[in-house]
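# Observations on the model geometry
Listed here are the chains, written in short residue letters.
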Amino acid sequence: MNMSLSQQHKPLPLAGIRVIEFVHMVMGPTCGLVLADLGAEVIKVEPTPAGDNTRRLMGSGAGYWTTYNRNKKSFAVDLKTAEGIAAVKKLIATADVVTENFRPGTMDKLGLGHADVKAIKPDIIYSSMKGFLPGPYEHRTALDEVVQMMTGLAYMTGPVGQPLRAGASVNDVMGGMFSAISILAALLQRTQSAQGQFVQTGLFENSAFLVAQHMMQNVVTGEPAAPMPSRVSAWAIYDVFHCAGEEQIFLGVVSDSQWKSFCEVFGFDAFGSDPQLAGNNQRVAARKVILPQVRECLARMSKVQVMALCEKAGLPFSPIQRPQDMFDDKHLNESGGMAQVTLPDGQSVKVPMLPFEMDGQRFGTRLNVPVLGSHSDELLAELGYTAADIGALHDAGIIKSEA
């Protein structure tokens, strides 16, 4: 994607906004990532001596740290010491936003709850991301998988009797996004009122929002929504099909005009001219007639042939791909949708950017994923600490810098 020089050098939307985050895992870091990519200075407060435990996750959590922590600074400090808390409070006094996603009560025990922070900076926007908004469940500990089970999202994803969580951290990521939205709204209101706000996001409520369409389907139809693998499709063709060579493709035909195009390019002249198949609901009722013939036709063709015909007809389609295939995706790479990030071990990798542009501008990498305490010394100096003060804090193990 080509951008004009003026677009490349435009001030970022959130330039000048300072965010202090006390977060871990995915939900909190996602919120900070959105704000950081848009230009906010996001400072991640990490405990010494080991830093955020998310750095060391393995298995399905091995990608969390590198995905959600670019464009951030790391301030490594011992929050169990008076000197460490004092330094953090000085940092908060310079901030516009504080975010946290630890268990209820954790920040209060540190003396960094909303009331404490508001006393330091009266116009602060304080974002608290929790498992549940205030109510009967607020004391519970939640995970993405927990709330997917609680709200029916896992029920809708797996076959009957086999609830299955979605294949990505959908609630954690969307929860962070909703938190960022609420922060942006609060910052806008602050320009009008000069007042700060306490904003909250709930993982459970996020998942309930996701399944609202299935709840309303129940209201409209009078029938409970069936899990995705056994659902009654809203369209006659909306499936994964096998092509020659054991390859697969998803194909949807979701309008009358698309049905006509589909029949034309794939040679289903009899279907296309049949008045009994002219309407969508008529075609849905005839799925048992239509689908076997479509499957037989596509099974004789290569995936490349099917994709070319779908492209020609303007049909929605996709090859069945794996996450690792995205590194080489033509559109992501040629459209400028991949950010380049250098990891602490020196490895240079690509990762998808935020999925939007503003006046032709995409938001990439300004700061690589931070090493522990990458900006501790710099931030302390900015707060008025002398070199001797910073050295003493290092010697006492109260701060750490691996920069």
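Structure shown above.
Residues numbered from 1 in each chain as written. Predicted model: local features only at pLDDT ≥ 70, side-chain atom pairs only at ≥ 80, totals over all residues. Heavy atoms only, no water.

### Details of the sheet that holds strand β9 (residues 317–319)
Where strands meet in a sheet, backbone hydrogen bonds hold them as pairs that are either parallel or antiparallel. Short version of the rule: Paired strands, as defined in this entry, are two strands with at least two bridges between them according to DSSP. Segments assigned H or I by DSSP are reported as helices when at least four residues long, segments assigned E as strands when at least two residues long, and all are numbered from the N terminus. Axes, fitted as lines to C-alpha atoms, cover a helix only where it is in contact. Angles between the N-to-C directions of the axes lie from 0 to 180 degrees. Between two residues, a contact is recorded if the distance between any of their heavy atoms is within 4.5 Å.
Spatial ordering of the open sheet is given by β7-β8-β9, a layout of three strands whose pairing is antiparallel. Strands at the two margins of the open sheet, each flanked by one partner only, are β7 (237–242) and β9. With strand direction ignored, the average angle separating the axes of adjacent strands in the sheet is 15°. When β7 meets strand β8 (residues 248–253), the two strands line up antiparallel, connected through six bridges. Its bridge partner lying in β8, valine 240 is registered against phenylalanine 250. Strands β7 and β8 of the sheet are contacted by helix α12 (residues 256–266), whose axis makes an angle of about 130° with β8. Sheet strands touched by helix α15 (residues 287–299): β7 and β8. Its angle to β7, the strand with the most contacts, is close to 35°.

### A short note on unusual backbone geometry
With an omega of 5°, the peptide bond between threonine 48 and proline 49 qualifies as cis. Within the secondary structure layout, proline 49 lies in the loop between β2 (41–47) and α3 (64–68). We note that glutamate 246 has phi near 65°; this positive angle belongs to a residue other than glycine.

### Remarks on the sheet that holds strand β12 (residues 399–400)
Overall, mixed pairing links the seven strands, which are arranged β6-β5-β4-β1-β2-β3-β12 in an open sheet. Both outer strands of the open sheet, β6 (197–202) and β12, are each paired with one neighbouring strand and no more. Direction of pairing for strand β1 (residues 18–22) relative to β2: parallel, over a ladder of four bridges. Looking across to β2, one finds that glutamate 21 is bridged to lysine 44. Packed onto the sheet, helix α4 (residues 82–92) meets β1, β2, β3 (72–77) and β4 (97–100) and runs at close to 150° relative to β3.

### As for the packing of aromatic side chains
The condition that has to hold: Only Phe, Tyr and Trp rings take part, Trp by its six-membered ring, and two of them pair if their centres are within 6.5 Å. Stacked means planes under 30 degrees apart, edge-to-face means over 60, and tilted covers everything else. The rule for a charge over a ring is simple: NZ of Lys or CZ of Arg within 6 Å of the ring centre, and within 35 degrees of the ring normal.
Tallying each qualifying case throughout the model produces 13 aromatic pairs. Relative to phenylalanine 198, the ring of tyrosine 126 has its centre 5.8 Å away and its plane inclined at 40°; by these criteria the two rings are tilted. With tyrosine 126 in strand β5 (residues 125–130) and phenylalanine 198 in strand β6, this residue pair connects regions lying 72 residues apart in the sequence. The ring of tyrosine 385 carries the charged tip of lysine 90 above its face, separated from the ring centre by 4.6 Å. The ring of tyrosine 137 is capped by arginine 140, whose NZ or CZ atom sits 4.3 Å from the centre of that ring.

### So, the pattern of salt bridges
Heads up, the rule is: Salt bridges are defined as contacts in which a side-chain nitrogen from Lys or Arg sits within 4 Å of a carboxyl oxygen from Asp or Glu.
Per the stated rule, a full pass over the model turns up 22 salt bridges. Put simply, lysine 303 and glutamate 247 hold a salt bridge, and the shortest N to O gap is 3.7 Å. A residue pair is termed long-range when its members are at least 10 positions apart, and lysine 303 in helix α16 (residues 303–313) and glutamate 247 in the loop between β7 and β8 qualify at 56 residues. A salt bridge links arginine 283 to aspartate 256, with the shortest nitrogen-to-oxygen separation between them at 2.9 Å. Of this pair, arginine 283 sits in helix α14 (residues 280–285) while aspartate 256 sits in helix α12, and the two are 27 residues apart along the sequence. Via salt bridges that share partners, Arg18, Glu41, Lys73, Glu378 and Glu382 belong to a single interconnected network.

### Here we look at the pairing of β4
Note the following rule: The rule is simple: take the accessible area with a 1.4 Å probe, protein chains only, and divide by the maximum for that residue type; under 20% is buried, over 50% is exposed, in between is partly exposed.
Burial of the side chains of β4 extends over both faces: Val97 and Thr99 are buried on one face and Val98 and Glu100 on the other. Looking at chain direction, β4 and β5 are connected through four bridges and run parallel. Its bridge partner being in β5, threonine 99 is matched across the sheet by serine 127.

### What about the packing of helix α2 (residues 27–37) against helix α9 (residues 170–193)?
Selection criterion: Note that the term roughly parallel is reserved for angles under 35 degrees, roughly antiparallel for angles over 145, roughly perpendicular for angles of 65 to 115, and oblique for everything else. Working rule for handedness: look at the near helix, and if it is turned counterclockwise from the far one by less than a right angle, call the crossing left-handed; if clockwise, right-handed. Any residue outside Ala, Val, Leu, Ile, Met, Phe, Trp, Tyr, Cys, Pro, Asp, Glu, Lys and Arg is labelled polar, Gly included; the first ten of those are nonpolar and the last four are charged.
In the contact formed by α2 and α9, the axes pass within 7 Å of each other and the chain directions differ by 50°. Looking at the two axes, α2 sits oblique to α9. Every pair of crossing elements has a handedness; the one defined by α2 and α9 is right-handed. Side by side, α2 and α9 meet where Met27, Thr30, Cys31, Val34 and Leu35 of the first sit next to Asp172, Val173, Gly175, Gly176, Met177, Ser179, Ala180, Ile183 and Leu184 of the second. Of the residues belonging to the contact of α2 with α9, the class tally is nine nonpolar, four polar and one charged.

### Some thoughts on the environment of histidine 114
Mapped onto the elements of the fold, histidine 114 is located in helix α6 (residues 114–120). For histidine 114, a relative accessible area of 23% puts it in the partly exposed group. Each C-alpha atom of the pair histidine 114 and tyrosine 126 lies 6.5 Å from the other, and the pair is 12 residues apart in sequence. In contact with histidine 114, other than residues within four places in its own chain, are Asp108, Tyr126, Gln197 and Phe198.

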